[in-house]
Amino acid sequence: MIQEINRLRGEIESALNAATNGELLEQFRLQHLVQKGTLRGLMDRLREVPKDEKPSVGKALNELRTFAESEFKRLQETFGAGKKQTRTTSDLSLPGRALPYGTAHPVHQTMEAMIDIFVRMGFDVARGPEVESDYYNFEALNFAADHPARDMQDTFFMKGFDKAVLRTHTTPVQIRLMKEMAPPIRAIMPGRVYRNEAISARALAEFHQLDGIYVDKGVSFAELKGTMLAFAKQMYGNDIKYRFRASYFPFTEPSAEMDITCFLCKGEGCRVCKYSGWLEIVGCGMVHPNVLTECGIDPEIYSGYAFGFGIERVTMLRTGIDDIRLLYENDVRMLKQF
Ligand code: DAH
């Protein structure tokens, strides 16, 4: 029965489209809307429909009838009393319908803006796999097998694969680069990373990072600071204040974190910066000699700095969005603001 209703709907729709004058419209009425018409015919057969299907079939039929009658009325009014008047199927003088168009997602926009800044400073862009081996994600980065630092990052392991993980950071791409290339190496590594985290306003199980590395003869911490500052000024404006705090990562020594003045309160202290006036934007440090050695680069000859940004964090700073989940709900009302 539903099939028949659908077939009749098709028939009615094309008859309505073809009804370009009063005469054709009258033919439409005689065929479909009168006592002996097609719609009434189907209505009468509603009795044969099994009881449990009746409500849905009845509803579909009613909808079709309402549609046919209201379209009929509308066209009747269009043709008016003058039965000879004709209607063209479309009014060519009307302006075209604008199609809604999208924009790049705010996280993607941030990533592109960051890549632009680093590319202008001479960095290449490198990418690596999201399913990583334990070796690249941890071991080569100087995380010992039983090192508690492994717990700093809650890892998704791959069922059935002994040594495969979803990468917890983009830092393993540094290892891949250093093993493949001889210094000088200067590259950034944007991409998606995964952590087994409880989802909250501040954390997701899937997010983005952008790592960077520069290895050459005589690279110093001063250059790391200069590069981070040049980046931060281009990204957040010339008037930001910043500070470096000592930190710990197994793959850098010394390690640091860079904070900038909170974009919202300008250092006064507010909810976003947890009343400290500062926001952490990047982890960084000098590439650990063990890491260079593991990659076949002699730490007596070469040195390097490395850094890693969380892209969602930077996006939140840039847009003022204060709940990370908003970035992944795909709510157009939010997305179209950026
Ligand atoms: N991989 C670190 C993380 O996910 C971030 C990081 C810190 C990356 C220091 C680096 C670095 O390259 O030098 O928390």
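Everything numeric here is computed off the predicted structure, so don't read it as measured data.

### Quick look at the packing of helix H2 (residues 22-33) against helix H4 (residues 54-79)
Their axes nearest at 10 Å, the elements H2 and H4 cross at an angle of 160°. Regarding the angle of H2 to H4, the classification is roughly antiparallel. Classified by chirality, the crossing of H4 by H2 is left-handed. For the pair formed by H2 and H4, the contact residues are Gly 22, Leu 25, Phe 28, Arg 29 and Leu 33 on the first element and Ala 68, Glu 69, Phe 72, Leu 75, Gln 76 and Phe 79 on the second. Considering only residue class, the contact of H2 with H4 consists of seven nonpolar, two polar and two charged.

### Quick notes on the domain arrangement of the chain
The domain boundaries assigned to the chain delineate domain 1 (2-92) and domain 2 (106-335). Computed from C-alpha atoms alone, the centre-to-centre distance between domain 1 and domain 2 is 63 Å.

### Considering the site of the ligand
Not every one of the 16 residues close to the ligand is listed here, only the nearest: His 169, Thr 171, Gln 174, Arg 195 and Asp 211. Protein contact buries 91% of the 360 Å² of open area that the ligand shows by itself. Contributions of two or more residues to the shell around the ligand are made by strand E5 (206-216), strand E8 (278-287) and strand E9 (303-310). Residues that form the shell around the ligand fall into these classes: five nonpolar, nine polar and two charged.

### What about the nonpolar core?
With 44 residues, the main nonpolar core has Phe 118, Leu 210, Tyr 236, Ile 281, Phe 307 and Phe 309 as its most contacted residues. Those elements that place two or more of their residues in this core are helix H5 (106-120), E5, helix H8 (221-236), strand E7 (252-261), E8, E9, helix H10 (311-319) and helix H11 (332-335). Looking at this core, the element that brings in the most residues is H8, giving seven residues. Contacts of Ile 281, omitting those with residues within four sequence positions, involve Ala 232, Tyr 236, Met 258, Ile 260, Phe 309, Gly 310 and Leu 317.

### Things to note about the side chain of Thr 261
Along the polypeptide, Thr 261 turns up in strand E7. Here Thr 261 falls in the buried class, since its relative accessible area comes to 15%. With residues near it in sequence (within four places) discarded, Thr 261 still touches Ile 240, Lys 241, Gly 277 and Trp 278.

### What to know about the sheet that holds E9
In space, the seven strands of this open sheet follow the order E1-E4-E5-E9-E8-E7-E6, with mixed pairing throughout. Across the chains shown, the open sheet's two edge strands, defined by having one partner strand only, are strand E1 (124-125) and strand E6 (242-249). Both E7 and E8 contribute to a ladder of eight bridges, which runs antiparallel. If you follow Met 258 over to E8, its bridge partner there is Val 282. Each of E5, E6, E7, E8 and E9 touches H8; the most contacted strand, E9, lies at about 30° to it.

### Describing H4
For H4, which comprises 26 residues, the first-to-last C-alpha distance of 37 Å matches the rise-based estimate of 38 Å (1.5 Å per residue) to within 8%. Every buried residue belonging to H4 is among Val 57, Gly 58, Leu 61, Leu 64, Ala 68, Glu 71, Phe 72, Leu 75 and Phe 79, and all of these are buried. Elements that come into contact with the buried residues of H4 comprise helix H1 (2-18), H2 and helix H3 (38-44). Two residues or fewer after H4 comes Gly 80, characterised by a positive phi angle close to 60°.

### A short note on unusual backbone geometry
Glycine aside, residues mostly have negative phi, and peptide bonds are mostly found in the trans state. Here the residue pair Pro 183 and Pro 184 is connected by a cis peptide bond, since its omega of 5° sits within 30 degrees of zero. Here Pro 184 shows up in the loop between helix H7 (172-180) and strand E4 (185-194). Although it is not a glycine, Asn 330 sits at a positive phi angle of roughly 55°. Secondary-structure assignment places Asn 330 in the loop between H10 and H11.

### Points about the environment of Ser 276
Summarising the element assignment, Ser 276 is placed in the loop between E7 and E8. Note on Ser 276: relative accessible area 39%, which makes it partly exposed. Along the primary structure Ser 276 and Thr 261 are separated by 15 residues, whereas in three dimensions their C-alpha atoms are 9.2 Å apart. In this structure the side chain of Ser 276 is engaged in a polar contact, spanning 2.9 Å, whose partner is the backbone oxygen of Cys 273.

### Regarding the pairing of E4
In terms of residue burial, E4 counts as a mostly covered element, since eight of its ten residues are buried. Two strands pair when backbone bridges link them, and E4 and E5 are joined in this way by ten bridges, in the antiparallel orientation. Paired with Tyr 194 across the bridge in E5 is Glu 206.

Conventions used here
Residues numbered from 1 in each chain as written. Predicted model: local features only at pLDDT ≥ 70, side-chain atom pairs only at ≥ 80, totals over all residues. Heavy atoms only, no water. Axes fitted to C-alpha atoms, helices over the stretch in contact; angles between N-to-C directions. Helix = DSSP H or I, 4+ residues; strand = E, 2+ residues; numbered from the N terminus. Parallel < 35°, antiparallel > 145°, perpendicular 65-115°, else oblique. Left-handed = near helix turned anticlockwise from the far one by under 90°. Contact = heavy atoms within 4.5 Å. Nonpolar A, V, L, I, M, F, W, Y, C, P; charged D, E, K, R; others polar. Domains from an automatic or database assignment. Near = heavy atom within 4 Å. Areas by Shrake-Rupley, 256 points an atom, 1.4 Å probe, with all protein chains shown as cover. Core = buried A, V, L, I, M, F, W, Y, C linked by side-chain atoms within 4.5 Å. Buried < 20%, exposed > 50% of the residue type's maximum accessible area, 1.4 Å probe, protein only. Pairing = 2+ DSSP bridges. Expected span 1.5 Å × (residues − 1). Polar contact = N/O pair within 3.5 Å; in protein donor to acceptor, adjacent residues only side chain to side chain.

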